[in-house]
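Breakdown of the fold
Listed below are the residues making up each chain.
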Amino acid sequence: MRMTLLRLSRAATAALVAGAALTAAAHSAEAAEAADTLGSAAAAQGRYFGTAVAASHLGEADYVSTLNREFNSATPENEMKWDATEPTRGTFTFSAADQVVDHAQAQGMDVRGHTLVWHSQLPSWVGGLGAADLRSAMNNHINRVMGHYKGQIHSWDVVNEAFQDGGSGARRSSPFQDKLGDGYIEEAFRTARAADPAAKLCYNDYNTDGVNAKSTAVYTMVKDFKSRGVPIDCVGFQGHFNSNSPVPSDLRANLQRFADLGVDVQITELDIEGSGAAQADSYARVVEACLAVDRCTGITVWGVTDKYSWRSSGTPLLFDGNYAAKPAYHAVLSALGGSGGGGNPGGGTATCTATYTRTADWSSGYNGQVTITAGSEPIGSWAATVTFASPQRVQATWNTTPTWSGNVMTARPSWNGTLAAGASTSFGFTVAKNGSDAAPVVGGCTVS
Ligand code: G2I
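Residues numbered from 1 in each chain as written. Predicted model: local features only at pLDDT ≥ 70, side-chain atom pairs only at ≥ 80, totals over all residues. Heavy atoms only, no water.

**Focus on the sheet that holds strand β16 (residues 424-432)**
Ordered in space as β10-β11-β16-β13, the four strands form an open sheet in which the pairing is antiparallel. Bordering the open sheet on either side are β10 (352-362) and β13 (393-398), each of which pairs with just one other strand. The sheet shows a mean angle of 25 degrees between the axes of neighbouring strands, taken without regard to direction. (Pairing = 2+ DSSP bridges. Helix = DSSP H or I, 4+ residues; strand = E, 2+ residues; numbered from the N terminus. Axes fitted to C-alpha atoms, helices over the stretch in contact; angles between N-to-C directions.)

So, in structure tokens, the structure goes:
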């Protein structure tokens, strides 16, 4: 059975709260007209699009406006972890997590719970317990945290990162593993099911995105759980990528093999280091992989803006430090079937212009430059066509990642897609004349 999670727009949610009937027709019309944000475009595909949220940034206007505009699911980045919720045994504090949950709910967003049983961000008192005590502390922690948010969490990461990296597929050492043995995961899921029967219960991990020894170890566990009736509903694939750990080509196949076990799959912490077109392509591939798998119910990126990312020097997110939408944003929106977007709070239309100049000329060749200028709204990416006269040949290009169709070059940004309102960038090329001195014809600039 495919779980369809069609998010209501905020307006629709308000209408529903007001008691108005929401017809299917009105619903799809909302989705169709509003697909210029990540959340609305994902909703039109029956998915959610979420982000990690840090309570400490909820006082920053640009952070909040970007969060509220683009996303329809929120995962507290650190606030629900054991060190935040139960720093000393039996004393629970939910104030920071409540801030995120309250904000999300006020915006009609879903909340993903992250995370209950994890070796990291674990207060030292947990590691000091003996086996019997640890078992009761683990179950009590699950009961209390899930109990506090009962009925309010869409999916819970019940157990996080329980497997080792590398080829062995073995369990990672942790107080839980070392003292309770393999059975602790099953026990945690059983306790979690009883604590909040409405929540989807997920196992979440990293470097499990492609088919490899680690993902196969998780697969084997999930298969075993399903065959024995251990409650598990979903598997989270964190999706932390960079040049050492690129988006695997078998991501879709891996998601599908888990889905075929009868669980939902979710991309839970997506971020991809890089910039420009390469980063955008990688993001698009992840979105396409999720959309190709019926049971891939949603994607969460691990933060709103590069400046607050856990690895901010790698600029891995969809919005830069000034909350301008990056090429990766537009690639994601477009892969979700949306368009425009990127934050046009004033409601203006994002536009750009392209103007050509010959910057150098010699008997057998010339250099050309095209200046791209954003209109009255910021843009996150652009494209311009340049048609060269035959038999001219382009020998080099710079500041662009071109694609070719015959003698027509479509120039897109390499690193220079994001432009503030009115700002310019340029790209250039060296052309061999081959007897023709004709100027190239520059087509219009489009915001893509
Ligand atoms: O490491 C990336 C993620 C891998 N999967 C599980 C996620 O929960 C994890 O998130 C990161 C947060 O993004 C970081 O924000 O988890 C880190 C800790 O393992 C978080 O870093 C911590 C710092 O280590 C602390 O020093 C800091 O006090 O963030 C805390 C709050 O800013």
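**Focus: the site of the ligand**
Residues in contact with the ligand amount to 14 residues; listed here are only the nearest, Glu77, Lys81, His114, Glu161 and Glu269. Note that a nitrogen atom of the ligand is positioned 3.0 Å from one of the side-chain N or O atoms of glutamine 238. A distance of 2.6 Å separates a nitrogen atom of the ligand from a polar atom in the side chain of glutamate 269. For the ligand, whose unbound accessible area comes to 620 Å², protein coverage reaches 57%. By residue class, the composition of the shell around the ligand is three nonpolar, seven polar and four charged. (Near = heavy atom within 4 Å. Polar contact = N/O pair within 3.5 Å; in protein donor to acceptor, adjacent residues only side chain to side chain. Areas by Shrake-Rupley, 256 points an atom, 1.4 Å probe, with all protein chains shown as cover. Nonpolar A, V, L, I, M, F, W, Y, C, P; charged D, E, K, R; others polar.)

**Remarks on the packing of aromatic side chains**
Evaluation of the coordinates by the stated rule reveals 17 aromatic pairs. Residues phenylalanine 94 and tyrosine 149 carry aromatic rings whose centres are separated by 5.7 Å and whose planes lie at 90 degrees to one another, so their mutual orientation is edge-to-face. On the criterion of sequence distance, the pair formed by phenylalanine 94 in the loop between α5 (82-85) and α6 (95-106) and tyrosine 149 in the loop between α8 (131-148) and β4 (155-160) is long-range, its members being 55 residues apart. Of the two residues examined, phenylalanine 94 and tyrosine 149, each falls in the buried class. Through pairs of rings, three or more aromatic residues link up here, namely Tyr356, Trp382, Phe388, Trp404, Phe427 and Phe429. Across the ring face of tyrosine 206, the terminal group of lysine 214 is positioned such that the distance to the ring centre comes to 3.8 Å. Looking at arginine 358, its charged tip hangs above the ring of tyrosine 366, at a distance of 4.0 Å from the centre. (Phe/Tyr/Trp six-rings, centres within 6.5 Å; stacked < 30°, edge-to-face > 60°. Buried < 20%, exposed > 50% of the residue type's maximum accessible area, 1.4 Å probe, protein only. Lys NZ or Arg CZ within 6 Å of the ring centre and 35° of its normal.)

**Describing unusual backbone geometry**
Glycine aside, negative phi is the norm for most residues, and most peptide bonds take the trans geometry. Cis rather than trans, the peptide bond between histidine 114 and threonine 115 has omega equal to 0 degrees. Within the element layout of this structure, threonine 115 appears in strand β3 (residues 110-118). A cis amide bond links serine 390 with the next residue in sequence, proline 391, at an omega value of 5 degrees. Structurally, proline 391 is set in the loop between β12 (382-387) and β13. Non-glycine residue asparagine 399 carries a positive phi angle of around 60 degrees. With respect to the secondary-structure elements, asparagine 399 resides in the loop between β13 and β14 (403-405).

**Points about the pattern of salt bridges**
All told, the structure shown has 20 salt bridges when counted by the stated rule. Across the salt bridge formed by glutamate 70 and arginine 69, the nearest N and O atoms sit 2.8 Å from each other. Between arginine 358 and aspartate 437 there is a salt bridge whose closest N-O contact spans 2.9 Å. Of this pair, arginine 358 sits in strand β10 while aspartate 437 sits in the loop between β16 and β17 (441-447); the two residues are 79 residues apart in sequence, bridging distant segments of the chain. Of the residues examined, aspartate 437 reaches a relative accessible area of 45% and is grouped as partly exposed. Sharing partners across several salt bridges, the network here consists of Glu186, Arg190, Asp224 and Arg228. (Salt bridge = Lys/Arg side-chain N within 4 Å of Asp/Glu carboxyl O.)

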